[in-house]
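Single-letter residue listing:
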Amino acid sequence: MLSRLQELRKEEETLLRLKAALHDQLNRLKVEELALQSMISARKGDEMPSSQPAREQSHDMLVHVDNEASINQTALTLSTRSHAMEEEEEEEEEEESDS
């Protein structure tokens, strides 16, 4: 029972790290989208047909585009396969040691 609880805690930690990584990637994509929209509207010479608060938010986020762009170059590797295989091996070892 204790080993199962430890397994669940490890899984929870893994899922929380995955959630954080996905949240960071989502934020990067939002910034990139705003930057692209701004570039498109600048080329067309048109103003974005949105409300003033949205423009302020996009401007605030565009200020950080340089930093985000370098971050976007970092590869995000999300692989649960190797982790799952490790867990299976651990479970097999535990079962063998319990026998």
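Residues numbered from 1 in each chain as written. Predicted model: local features only at pLDDT ≥ 70, side-chain atom pairs only at ≥ 80, totals over all residues. Heavy atoms only, no water.

### Quick notes on the overall build of the protein
Phase 1: Across its full length, the protein holds 4 helices and 0 strands.
Phase 2: The linear arrangement of helices and strands in the protein, starting from the amino end, is α-α-α-α.
Phase 3: Summed over all atoms, the accessible surface of the protein reaches about 8500 Å², with 53% contributed by carbon and sulfur. (Helix = DSSP H or I, 4+ residues; strand = E, 2+ residues; numbered from the N terminus. Areas by Shrake-Rupley, 256 points an atom, 1.4 Å probe, with all protein chains shown as cover.)

### Considerations on the confidence of the model for the protein
Phase 1: Predicted confidence across the protein gives a mean pLDDT of 75, with 56% of residues reaching 70 or more.
Phase 2: Averaged pLDDT values over the elements of the protein bottom out at 53 in helix H2 (residues 52-63) and peak at 94 in helix H1 (residues 2-44). (pLDDT = per-residue confidence, 0-100.)

### Comments concerning the pattern of salt bridges
Phase 1: Enumeration over the complete set of coordinates arrives at 1 salt bridge.
Phase 2: The partner of Arg 4 in a salt bridge is Glu 7, and the shortest N-O contact between them spans 3.5 Å. On the criterion of helical spacing, the pair formed by Arg 4 and Glu 7 is a turn pair, its members being 3 residues apart in helix H1.
Phase 3: Looking at Arg 4, the relative accessible area reads 46%, which means it is partly exposed. (Salt bridge = Lys/Arg side-chain N within 4 Å of Asp/Glu carboxyl O. Buried < 20%, exposed > 50% of the residue type's maximum accessible area, 1.4 Å probe, protein only.)

### Considering H1
Phase 1: End to end, H1 covers 63 Å across 43 residues, agreeing with the expected 63 Å (1.5 Å per residue, within 8%).
Phase 2: Immediately beyond the C-terminal end of H1, within one or two residues, lies Gly 45, with a positive phi of roughly 75°. (Expected span 1.5 Å × (residues − 1).)

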